[in-house]
Amino acid sequence: MNTRLIKIIARQEWAAFFRARLPLGLYAVLLSMSILAIYIGWQYVNNFNEHQTEAKEEVHDHWMKQPDRHPHRVAHYGYLVFREKSPLSFFDFGLDSYVGNSVFLEAHRQNTINMSEAGFSNGMLRFGELSMAVVFQLLVPLFIIFIGFHTIAGLKENGLLKILLCQKATFRDVLLGKAAGITLLTWFLFLPLLFLGLLIGTVSHSAGLSTDELIRMGLIVLSYGIYFLIISMIVVAVSAISTNARNALMALVLIWILFYVMVPKSAQNLGNTIFVAPDKITFEQGIESDIAKVGDSHNPNDPHFSELKESTLKRYGVDSIQALPINYGALVMQEGENISSGIFDKHYNQLIQIYKSQNSIASFLSFIDPFLAIRNISMNLSGTDFESFTEFQKQTERYRFEKTQALNKIHLNQIKFKDDSKQRVNAQSFQQQPEFKFQPVPIKMSLRHGAMGISALFFWVLASFTLLSFISKKRQFQL
Amino acid sequence: MLEATNLTKRYGNHTALNQLNLTVEPGEIFALLGQNGAGKTTTINLFLGFIEPSEGMAQINGVSVSENPEEIKQYLAYIPETVMLYSNLTGLENLEYFSSLAGFEYSKTELAELLSTAGLQTQAFDLRLGGYSKGMRQKVGIAIAIAKKAKVLLLDEPTSGLDPKASNEFSTILKSLAARGTAILMATHDIFRAKEVATRIGIMREGCLQSVVRASDISANELEELYLRTV
């Protein structure tokens, strides 16, 4: 391998690009689309944030304006919390477009955010969106195909490859030089644009730029850089094994369809078929059935609650619930909340596990499709992946549970058992409860979730390089 | 300088080249005549190292082509039937590119001199190759060979499609290269050009070298008769 010759060949690839009108025209189109995608993404997140802020204020306002009330009524009055967009979601919408953005929190009920079909949405639906990620994941590879399909096949067709190979350069030097040239060109044309887009979009949405965001941006640029390298090497490899440029173009378009339509769609269908998720009704019925098995707080003869009654009376040394220093009705509700919450968590975790198993198919298939690898990494780093969504769901459930139990505690201590429903507590006691604040998935966790995609990306670099080396040793590909 | 010893190439049951024995000395132009499929291009490809011989050996400057494909590159240059090169680059840029790939760094003046030696007109140096005629492109191809200081020149139908004037100019350049000591092996259909430019002429049929004559020992008409009889 002669690095000097590889550099010369790579430089020539640059010169050829900047002298041809058609590829420059294509770049201009992609550049416009990228700028449009940045604007669309920015506007989408901006509008979303504006509506969220308005709705949040309204909900908060309603909560604070509640009069003195019975705490259980407050618990059932409920509270709406909103999912905040990740600062980088304008770049990659990920699952954001397909999952719910708010959840109504109330006592005894764990309202799920839309978790069925949309919870696993990917593949074909993504063709309808124009985000920066779509441009970089789907259209830049097409651009690479367009500028690179003839890179070796064209030389074979016009006999130029033979002349090239009669100089000092080996076939390996030519292949690596071409791949390096196309990769560097693509990096030069798109990575600064990507970084600038990310920077402008993020800064315009938040007050400043956090270290976490900066790291995420850097890793996004790095991942896409590796992705473009892989695509460039594949394009050069296919061009090298094709007898002419037309065949190379046809083969590459077929590969594009395979990578961007067939495999992602198959991954989705395969996941749904192998790991069948229950629909919303079955999910809720399962929870209700399990709750009924453990104990029904409304049934006076329920063994679990009879036992609770006995043990409470014994603990306080009294013979009737009326004689208890605490409100027994609130204690029953607290226990009911503990039971339903535990059962919900169990079912919810099982459901999440099914969705994760479905997603794992796509993760494994990223070893045969680099698009799946970059798609997953991109969503992980943008905070629009499945894990970010489930994290929101977990945090809201925790918040709901704590909020309800806090109200139950007020009920327990400030409301007397006798004439329970006729009593009120001062509104201040529930107005002081903390606001819900979503804690985004930290970068370390995002990387852990994206580990399979990252491994697949490195596997592809190695595989493409090996493929180029293998082709370079075969004389039949030089003619 | 250029030697084939029992050089044979088979593709399955088909023998493309059969037991070729041939030597081309420095300063000699050897023209290979024959119909399509006679084995001329196979011979060139075997010397270039693009195909592996089934039997025998091709050597350049005493080095086996199949054993040392990279080493023999320093000795040879190749000009195909149509020299396409890079149409977006000028003649000068094409020459600079290929020379640098061959390991030579020339100044602009030196590159211009090389193009002039190959017979290209000065005003064409800075024009993009897309606007060149076939003859002009062949001259850039020759300039690439000269720039590389190649001891061996392999030509595959180099005058095909050239007008008589361009063809004549090309012959003159080849003779001057031979006079400098370059060994030239040229596959061609053009009997009269072969007679005019070559030192020796070989006629091939069905992969075999049927006869070899010295160009000076035979007239153009006699060569034509021999060719028609042989093929």
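Note on numbering: residues in each chain are counted from 1, in written sequence order. Numbering of ligands from 1 and lettering of chains from A proceed in the order in which they are written. Local features in this predicted model are restricted to residues whose pLDDT is 70 or higher, and side-chain atom pairs enter the listing and the counts only when it is 80 or higher, whereas totals over whole chains, interfaces and linings include all residues. Processing note: side-chain calculations cover all non-hydrogen atoms of the structure and skip hydrogens and water entirely.

Let us look at the overall build of chain A. Secondary structure assignment for chain A yields 17 helices and three strands. On C-alpha atoms alone, chain A measures out to a radius of gyration of 30 Å, which is more than a quarter above the 23 Å that the 2.2 N^0.38 rule sets for 479 residues. When the backbone C-alpha atoms are referred to their principal axes, chain A occupies close to 105 × 45 × 30 Å. Put simply, chain A has 479 residues, and 53% of those count as buried. The contacts of chain A with a sequence gap of at least 6 include a subset with a gap of at least 24, amounting to 82%. On chain A, the mean spot of the 44 positive side-chain charges and the mean spot of the 38 negative ones are 13 Å from each other. Runs of E in the DSSP output that reach at least two residues are strands. Runs of H or I that reach at least four are helices, and both are numbered from the N terminus. The globule rule is 2.2 Å times the number of residues to the power 0.38, and the radius of gyration it is compared with is taken over C-alpha atoms. Burial status follows relative accessibility: with a 1.4 Å probe on protein chains alone, a residue under 20% of its type maximum counts as buried, one over 50% as exposed, and anything between as partly exposed. Only heavy atoms enter the contact rule, under which two residues are in contact if any of them lie within 4.5 Å. In this tally, Lys and Arg are treated as positive and Asp and Glu as negative; His is ignored, and so are the chain termini. Lysine's charge is taken at NZ, arginine's at CZ, aspartate's at CG and glutamate's at CD.

Looking only at helices and strands, chain B features seven helices and ten strands. Projected onto its principal axes, the C-alpha positions of chain B cover 50 × 40 × 30 Å. Burial statistics for chain B: of 231 residues in total, 56% are counted as buried. Computed with a 1.4 Å probe, the accessible areas rest on the Shrake-Rupley method; for each residue, only the protein chains presented here act as cover. Of the roughly 9300 Å² of accessible surface on chain B, 47% is carried by carbon and sulfur atoms. A gap of 2 Å separates the mean positions of the 21 positive and 26 negative side-chain charges of chain B.

All names here are of chain A. Topologically, Pro 325 is positioned in the loop between helix H11 (303-316) and helix H12 (328-365). Among the residues examined, Pro 325 registers a relative accessible area of 61% and is labelled exposed. Taking the C-alpha atoms as reference, Pro 325 lies 8.5 Å from Lys 416; in sequence the two are 91 residues apart.

What follows deals with a negative patch on the surface. Residue and element names in this part refer to chain A. Patch members must show over 30% relative accessible area and no salt bridge, and they are joined within 9 Å when carrying like charges or within 5 Å when they are nonpolar side chains of Val, Leu, Ile, Met, Phe, Trp or Tyr. Definition used for salt bridges: Asp or Glu carboxyl oxygen within 4 Å of a side-chain nitrogen of Lys or Arg. Together, Glu 50, Glu 54, Glu 57 and Glu 58 make up a region of like negative charge exposed at the surface. Within the secondary structure layout, Glu 57 lies in helix H2 (residues 21-64). The class of Glu 57 is exposed, set by a relative accessible area of 53%.

Below, the discussion takes up the interface of chain B and chain A. It is common to report an interface's size as the accessible area lost on association of the parts. Taken residue by residue, the interface counts 32 residues in chain B and 25 residues in chain A. Between chain B and chain A, a total of about 2700 Å² is buried, with carbon and sulfur atoms accounting for 58% of that surface. Inspection of the region where chain B meets chain A yields two salt bridges. Its salt-bridge partner being B:Glu105, residue A:Arg4 comes within 3.1 Å of it at the nearest N-O pair. The definition of a polar contact used here is a pair of N or O atoms within 3.5 Å, where within protein one atom must be able to donate a hydrogen and the other to accept one, and adjacent residues in sequence count solely through side-chain atom pairs. Inspection of the chain B/chain A interface yields nine residue pairs in polar contact (both at pLDDT 80 or more). Of all the secondary-structure elements, those providing two or more residues to the side of chain B that touches chain A are helix H1 (40-48), strand S6 (76-79) and helix H2 (91-101) of chain B. Residues belonging to the side of chain B that touches chain A are distributed by class as follows: 17 nonpolar, eight polar and seven charged. In short, buried area is how much 1.4 Å probe accessible area vanishes from two parts on joining, totalled over both. Just so you know the grouping, Ala, Val, Leu, Ile, Met, Phe, Trp, Tyr, Cys and Pro go in nonpolar, Asp, Glu, Lys and Arg go in charged, and all remaining residues, Gly too, go in polar.

Another aspect to go through is the domain arrangement of chain B. Residue and element names in this part refer to chain B. How far each domain reaches was decided by an automatic or database domain assignment. Examined at the domain level, chain B breaks down into domain 1 (2-75 + 151-230) and domain 2 (91-148). Each of domain 1 and domain 2 has a C-alpha centre, and the two are 25 Å apart. Listed as interface residues are 14 residues of domain 1 and, on the opposing side, eleven residues of domain 2. Interface of domain 1 and domain 2: buried area, both sides summed, is about 920 Å²; carbon and sulfur atoms make up 63% of it. Remark: the boundary between domain 1 and domain 2 carries one salt bridge. Between Lys 139 and Glu 169 there is a salt bridge; the shortest N-O distance is 2.3 Å. Across the domain 1-domain 2 interface, the total number found is three residue pairs in polar contact (both at pLDDT 80 or more). Considering every element that reaches the side of domain 1 that touches domain 2, the biggest residue donor is helix H5 (residues 164-179), with six residues.

To continue, consider the environment of B:Asn13. Position of B:Asn13 among the secondary structure elements: in the loop between strand S1 (2-11) and strand S2 (14-24). Measuring from C-alpha to C-alpha, the distance between B:Asn13 and B:Leu155 comes to 28 Å, with 142 residues separating the pair along the chain.

What follows concerns the confidence of the model for chain A. All names here are of chain A. Overall, the predicted model of chain A reaches an average pLDDT of 87, with 96% of residues at or above 70. Predictor confidence is given residue by residue as pLDDT, running from a minimum of 0 to a maximum of 100. Mean pLDDT values for the elements of chain A range from 72 in strand S3 (residues 109-110) up to 96 in helix H8 (residues 211-241). Here residues 114-127 is modelled with pLDDT under 50, and outside its nearest four sequence neighbours on either side it reaches 43 contacts, counting other chains as well.

Residues and elements named next belong to chain A. Note: two strands are recorded as paired if DSSP finds a minimum of 2 bridges between them. Read from one edge of the open sheet, three strands run S1-S2-S3, paired in antiparallel fashion. Both outer strands of the open sheet, strand S1 (79-82) and S3, are each paired with one neighbouring strand and no more. Here strand S2 (residues 102-106) pairs with S3 via two bridges, running antiparallel. Considered in S3, the bridge of Leu 105 is made with Gln 110. Packed onto the sheet, helix H14 (residues 386-414) meets S1, S2 and S3 and runs at close to 25° relative to S2. Whenever a helix is involved, its axis is fitted only over the stretch in contact; in every case the axis is a line through C-alpha atoms, and angles between N-to-C directions fall within 0 to 180 degrees.

The subject of this paragraph is the pattern of salt bridges. Taken as a whole, this structure holds 19 salt bridges over all chains when the rule is applied. In this structure, B:Glu93 and A:Arg19 form a salt bridge, with 2.6 Å as the shortest nitrogen-oxygen distance. Separated into two different chains, B:Glu93 in helix H2 and A:Arg19 in helix H1 (residues 3-19) make up a pair that spans both. Classification of B:Glu93 as partly exposed rests on a relative accessible area of 24%.

What follows deals with the packing of aromatic side chains. What describes a pair of aromatic rings is the distance from one ring centre to the other and the angle between the planes of the rings. Residues and elements named next belong to chain A. Pairing of aromatic rings covers Phe, Tyr and Trp, the last through its six-membered ring, and needs centres within 6.5 Å; plane angles under 30 degrees mean stacked, over 60 mean edge-to-face, and all others mean tilted. Scanning the model with the defined rule gives 37 aromatic pairs over all chains in all. Aromatic pair Phe 367 and Phe 459: ring centres 5.5 Å apart, planes at 65°, arrangement edge-to-face. Placement of the pair is Phe 367 in the loop between H12 and helix H13 (370-382) and Phe 459 in helix H17 (residues 451-473), with a sequence separation of 92 residues. For Phe 367, a relative accessible area of 26% translates into the label partly exposed. Taken together, the ring pairs connect Trp 14, Phe 17, Phe 18, Tyr 27, Phe 91, Phe 136, Phe 143, Phe 188, Phe 190, Tyr 224, Tyr 227 and Phe 228 into an aromatic cluster.

All right, on to the nonpolar core then. Residues A:Phe136, A:Phe190, A:Leu194, A:Tyr224, B:Leu154, B:Leu174 and B:Leu185 are the most contacted members of the largest nonpolar core, which totals 168 residues. Here the element with the most residues in this core is H8(A); it accounts for 16 residues. Domain assignment of the residues forming this core places at least three in each of domain 1 (2-75 + 151-230) and domain 2 (91-148) of chain B. Apart from residues lying up to four places away in sequence, B:Leu185 is in contact with B:Leu2, B:Leu22, B:Val24, B:Phe30, B:Leu32, B:Thr43, B:Ile44, B:Phe47, B:Leu153, B:Leu154 and B:Leu155. Counting 25 residues, the second-largest nonpolar core is a separate cluster that includes A:Phe305, A:Tyr328, A:Ile352 and A:Leu412. Among buried residues, those of type Ala, Val, Leu, Ile, Met, Phe, Trp, Tyr and Cys that are joined through side-chain atoms within 4.5 Å constitute a nonpolar core.

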